[in-house]
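Read off the chains here:
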Amino acid sequence: MQTDGKAVDGTLLADAGAQEPPPEEQKEGGKWQRPRISRKSLMKCCLVKWIIASAAPQGPDSSDSDLELATVRHQPEGLDQLQAQTKFTRKELQSLYRGFKNECPSGLVDEETFKMIYSQFFPQGDATTYAHFLFNAFDIDRSGSIRFEDFVIGLSVLLRGSVNEKLRWAFNLYDINKDGYITKEEMLAIMKSIYDMMGRYTTPSVKEDAPFEHVEKFFQKMDRNRDGVVTFDEFIETCQRDDNIMSSMQLFENVI
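Cut-off values and rules
- Residues numbered from 1 in each chain as written.
- Predicted model: local features only at pLDDT ≥ 70, side-chain atom pairs only at ≥ 80, totals over all residues.
- Heavy atoms only, no water.
- Helix = DSSP H or I, 4+ residues; strand = E, 2+ residues; numbered from the N terminus.
- Buried < 20%, exposed > 50% of the residue type's maximum accessible area, 1.4 Å probe, protein only.
- Contact = heavy atoms within 4.5 Å.
- Areas by Shrake-Rupley, 256 points an atom, 1.4 Å probe, with all protein chains shown as cover.
- Axes fitted to C-alpha atoms, helices over the stretch in contact; angles between N-to-C directions.
- Parallel < 35°, antiparallel > 145°, perpendicular 65-115°, else oblique.
- Left-handed = near helix turned anticlockwise from the far one by under 90°.
- Nonpolar A, V, L, I, M, F, W, Y, C, P; charged D, E, K, R; others polar.
- Salt bridge = Lys/Arg side-chain N within 4 Å of Asp/Glu carboxyl O.
- Phe/Tyr/Trp six-rings, centres within 6.5 Å; stacked < 30°, edge-to-face > 60°.

A. Fine view of the overall build of the protein. Across its full length, the protein carries 11 helices and 6 strands. The proportion of buried residues among the 256 residues of the protein is 47%. Pairs at least 24 residues apart make up 72% of the contacts formed inside the protein by residues separated by at least 6 positions. Looking at the protein as shown, the accessible area adds up to about 12500 Å², and 48% of this sits on carbon and sulfur atoms.

Structural data, given as structure tokens:
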């Protein structure tokens, strides 16, 4: 499947058994260089595109001094505070909030909205399970709804955070029951949900048993004491030492 001439990339983490990246993707002078990704993703960021598409145009009397507050169940924190907590500019936050308010007049996003978003962007796959896992990763307080603040803070990490911040967010995504450990079953559930959403339509195509193979390879590297689970420290240390996984962190926005 292709959209806007861009092939879908179904990878969330690189193949743990892949060959070493080419020279242009490796570290230069001790600094990590953003890899040149040959396969383009379907979307830069589904959530941002969904919000921006709904952003109301600014009128001549629109105020740039603060976020416009509607009569909603939840009103966001001040613009200055959100700007300090994220890596978005003031104007970006204003645009995001206008779209957010238009789509979610209550000031809160629920899981059904996430499922609707991803079913629109991936109509030929089943995005239900992936949207469920992604929603839970954003729903920090387990309230069943996501505030605008939590929404943009999460997006800021995923789109503009450091590699370490993205790794921490990734661990939280894989740790489905939030017990501080990742099991094979949890990682496989996430991998399969991505495959169900877009794997069958990637270019090149992904084998049906690819999620299982990836999980087996990752656990061989990450589960250092062979106790059947991956701790946060094991996850971070392994990812930081593996160039293939580190470079794949740049692909997070492809399925967000």
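B. Layout of the packing of helix 3 (residues 90-103) against helix 6 (residues 148-160). Look at helix 3 against helix 6: their axes get within 11 Å of each other, and the N-to-C directions meet at 130°. Of the possible angle classes, the one that applies to helix 3 and helix 6 is oblique. Regarding helix 3 and helix 6, the two cross each other, and that crossing is right-handed. Here E92, L93, L96, Y97 and F100 of helix 3 come into contact with helix 6, specifically with F148, F151, V152 and R160. Looking at the contact of helix 3 with helix 6 residue by residue, the classes come out as 7 nonpolar, no polar and 2 charged.

C. Here's a closer look at the pattern of salt bridges. The tally for this structure, following the rule as stated, stands at 10 salt bridges. For the salt bridge of R147 with E149, the shortest nitrogen-to-oxygen distance reads 3.7 Å. Overall, R147 belongs to the partly exposed group, its relative accessible area being 28%. On the basis of relative accessibility, which here comes to 1%, the residue E149 falls in the buried class. Its salt-bridge partner being R224, residue E237 comes within 3.6 Å of it at the nearest N-O pair. Of this pair, E237 sits in helix 10 (residues 232-241) while R224 sits in the loop between helix 9 (210-222) and strand 6 (229-231), and the two are 13 residues apart along the sequence. With relative accessibility at 39%, the residue R224 sits in the partly exposed group. Linked through salt bridges whose partners overlap, the residues forming this network are E111, E112 and K115.

D. Layout of the environment of A127. Residue position: A127 is located in the loop between helix 4 (111-121) and helix 5 (128-138). The exposure class assigned to A127 is buried, which follows from its relative accessible area of 4%. When the C-alpha positions of A127 and I194 are compared, they lie 7.6 Å apart, and in sequence the two are 67 residues distant. In this view, A127 contacts Y118, S119 and M197; residues no more than four positions away in its chain are not counted.

E. How the structure looks around the packing of aromatic side chains. Enumeration over the complete set of coordinates arrives at 12 aromatic pairs. Geometrically, the ring pair formed by F100 and F148 is edge-to-face, given 5.1 Å between the ring centres and 65° between the ring planes. Here F100, found in helix 3, pairs with F148, found in helix 6; they are 48 residues apart in sequence, far enough to count as distant. F100 sits in the buried class, given a relative accessible area of 0%. F148 gets classed as buried once you look at its relative accessible area, which sits at 1%.

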